[in-house]
Amino acid sequence: MFRRSAAIAGAAGLLLLAACSNSASSGGSAAGGKTTLTYLTFNTPSLTPAFWKDSIARAEKTVPGLTIKQVVAPSTDRDSYAKQLQASGQFPDLLQSITPSQYTDAGLLTPYDQSWVDANFLLPQGNAIKGKVYIPPTNSQIIPLVFYNKSLFAKAHVQPPTTWAQFLQVNATLKAAGITPLELGGNDPFAAAMPLTGALSADVLGKDPQWIQQRHAGKVKFADADVVTAATKMRTLVEKGYFEDGALNVSYADSIKNFNAGKAAMYPMGSWYLGSIPKDQWDNIGVFPWPTDDGKVVVPFAVGGSMAISAKAEDVKAATAFAKTWSLDPANLKALIEVDGAYPMLKNKTLDDYGVTVSPAFTDSYAYVTRTDAKVGAIGWATNDDALPGSLNNDLYAAAQALFNSSDVKGQMSKLDKSWDTATK
Amino acid sequence: MKPPSPPFRHTSQDAGLRLIAALGLLLYTVFIVVPVFMSLRSSFTDENPLKSGSNWIGFANYSEMLHDTQLRDSVVFTLLLALAVTVVANVLGLAFALLLDRTALSYRVLRTLAFLPQVVSGVIVGFVWKTILTQDGLLNTLLKSVHLVHDPVDWLGKPHLAQFSVGVVVAWVLSGFTTVVYLAALQNIPRELYDAGAIDGASTTQQFRMITVRMVAPATTISVTISLITVLKLYDVIQVLTSGGPANATQSTAQYIVKMAFTDDRFGYASSIAMFLLALSAVIALSVTSMLRRREVDL
């Protein structure tokens, strides 16, 4: 009896140790001409398990001997998960839609060959870091746009504004007409920060597109007068009561429902909202860019993309072949365009080539991408050289929430400077 | 006359028990002791999860903690939350236990229901309560329908209300655990004590104060200590309910550690905060346990 117990206990111990040693091994493996690569993905309402299964299978077929082992992040925060995997020696060979700037200093990613990027994408340098592309720039977002309800605008006899003064006037007129001017969904910090993102991107980066680089060099600060003036615009909207009641107590999901139900006239949100406009509202929802002081169109832009390749991948050549095929497959972009409101960035392709059906608001806002309007990095969202360090985007979101309860705009901006110093230590 | 005790003999059963104990000790060492020492070592370095190797920087991380206002705010919030939740959850737990200390089937069902908050995942708890507390959520709808409020209450939108709401949710979760602990203690109190008290003319209040409170004192020690430790390391419920907002008002120390480690890539600094939290939890747990044990003796 004892021997059997001891044997079971011993076997359990060995199994445990074996499990530990397995979990500590790194991503892919190659044996007998066959290669297995790990691929970090994440699920969203548009990027479903079925989408991944099909899209991986299509690309896998084009690389002989390659097997992809999918690793699904437990939330959409794939960067944190990728870092946890790296810390435990399991950094994946391929990583979908991560923020490459967080990994390049450590030399964890391998860049794509520039000639392939130049040949296939509209903005080859759209998400480049120090001139190198680590994620094929397959799609982009504008963050934020201002969506508006045409019926409510007509009811209040207002037109889409182009300047900040007109925007304030539109808000005032809507409020006077008994219509809630702005929907926010501020319980989710990123949504709370949309007006601040718009104001800082349009006013600060609009005037100096190199502002983030200047901040890295210590030549400018968030507490500088021009940044404080831009941030004060958000505080003005709060003080004048233009957001819905209890804006910080409304979740992002509820804010979409509210705006779609006509409970507010405008909704500053990333272009991914385009995928959430109900078909029966397609002709009723319009869109305009975040207004600037002089009416110049400034587009807060973030070029996203498909997957990064680990510099330590078991077979970089196979990984690159898979990544290139996946990135150029129009079927993969179809879901992103229709459900996630992503603007496709493949060269020599029209929307028809993707087989998509999109709303007029999508077509109108896509024009900002294809036209020559000034594009700046959407602060807190850009993944190129304009990406914020560490968790500064979270601090930016927190500052936006704080502006609901504090009129000390400069104090909040100074906190961001402190956070910047902490994040870049 | 009492027969002499048989001399101690080593049996094969003893050897089996020793092996099982050794295995337990090995697991404890591998999964608790070693990581703690690794974290302690890391706290004196500038370790970054994305880079190999690290530099020894002495007490620089600990020195930085002294000036970190976000850390200070998260520690103050966590301590206040731990204190408030521990008091509320234990009072509620004892009250529920007194109500449920019956043998009928309906009470057994209610006991299971009372324990439910403890067995539900913190993530699910966070999602459910978020649905209840948001602007058009269940609570505001209810309050408006009975005309208790005219406008919806900003349960998660104002810093102090959000802190209060987090406290209520966490106290609700922990009350499931404290109820079970107090219920087990109540069921071990001999009925004769109450009978004797009644014969001596003790009122219900006197019986509660002189018998119940004293007899559940060991359970109180366990319940209070575990409640404190649970809240001091709380992460999941808050992460889902408020994401630490608005404006970091409900950011727990555990959330701040995760943020430093996996967003700011400062493993070394996160480790130093983790060491501080470990020490703080140990000091609080030991002090409270020692104080409550003395109280057990006094009672």
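Since the model is a prediction, treat every value here as computed from it, not as a measurement.

Attention now moves to the sheet that holds strand β9 (residues 285–289) of chain A. All names here are of chain A. Strand order in the open sheet formed by three strands is β8-β7-β9, with antiparallel pairing between adjacent strands. Here the strands that pair on one side only, and so sit at the sheet edges, are β8 (266–269) and β9. Averaged over all neighbouring strand pairs, the angle between strand axes comes to 25°, with direction disregarded. Examined bridge by bridge, strand β7 (residues 145–149) and β9 share five bridges and lie antiparallel to one another. By the bridge assignment, Y148 is partnered in β9 with G286. Relative to β9, helix α15 (residues 360–370) is tilted by about 10°, and along the sheet it contacts β7 and β9.

Tallied over the full model, the rule gives 14 salt bridges over all chains. Note that D417 of chain A is salt-bridged to R215 of chain A, the shortest N-O span being 3.1 Å. Here D417 of chain A is found in helix α17 (residues 409–423), whereas its partner R215 of chain A is found in helix α10 (residues 211–216), with 202 residues between them in sequence. Accessibility classification places D417 of chain A together with R215 of chain A in one group, the buried group. Across the salt bridge formed by R266 of chain B and E64 of chain B, the nearest N and O atoms sit 2.8 Å from each other. Linking R266 of chain B in the loop between α12 (253–262) and α13 (267–298) with E64 of chain B in helix α2 (residues 60–65), this pair joins segments that are 202 residues apart in sequence. Per residue, the accessibility class of R266 of chain B equals that of E64 of chain B, and both read buried.

Looking now at the pairing of strand β11 (residues 307–310) of chain A. All names here are of chain A. Of the two faces of β11, the one holding M307 and I309 and the one holding A308 and S310 are both buried throughout. Bridging between strand β4 (residues 94–96) and β11 involves three bridges; their strand directions are antiparallel. Across the sheet, residue L95 finds its bridge partner in β11, namely A308. Bridge count for strand β5 (residues 109–110) against β11 is two bridges, and the pairing is antiparallel. Among the inter-strand pairings, L109 is bridged to a residue of β11, identified as S310.

How each quantity is defined
For every chain, the first residue of the written sequence is number 1, and numbering continues from 1 onward in sequence order. Just so you know, chain letters begin at A and ligand numbers begin at 1, following the order they were written in. Predicted model: local features are reported for residues with pLDDT of at least 70 only, side-chain atom pairs are reported and counted for 80 or more only, and whole-chain, interface and lining totals are derived from all residues. Side-chain calculation: all heavy atoms of the structure are included, whereas hydrogens and water are not. In this description, strands pair whenever DSSP reports at least two bridges between them. Put simply, DSSP H or I for four residues or longer makes a helix, DSSP E for two residues or longer makes a strand, and each gets a number counted from the N terminus. Simply put, an axis is a line fit to the C-alpha atoms, just over the touching stretch for a helix, and the angle between two N-to-C directions goes from 0 to 180 degrees. Residue contacts are defined here by distance: any two heavy atoms, one from each residue, within 4.5 Å place the two residues in contact. What counts as a salt bridge is simple: a side-chain nitrogen of Lys or Arg found within 4 Å of a carboxyl oxygen of Asp or Glu. Under the scheme applied here, a residue whose accessible area is under 20% of the maximum for its type counts as buried, over 50% as exposed, and between as partly exposed, the area being computed with a 1.4 Å probe on protein chains only.

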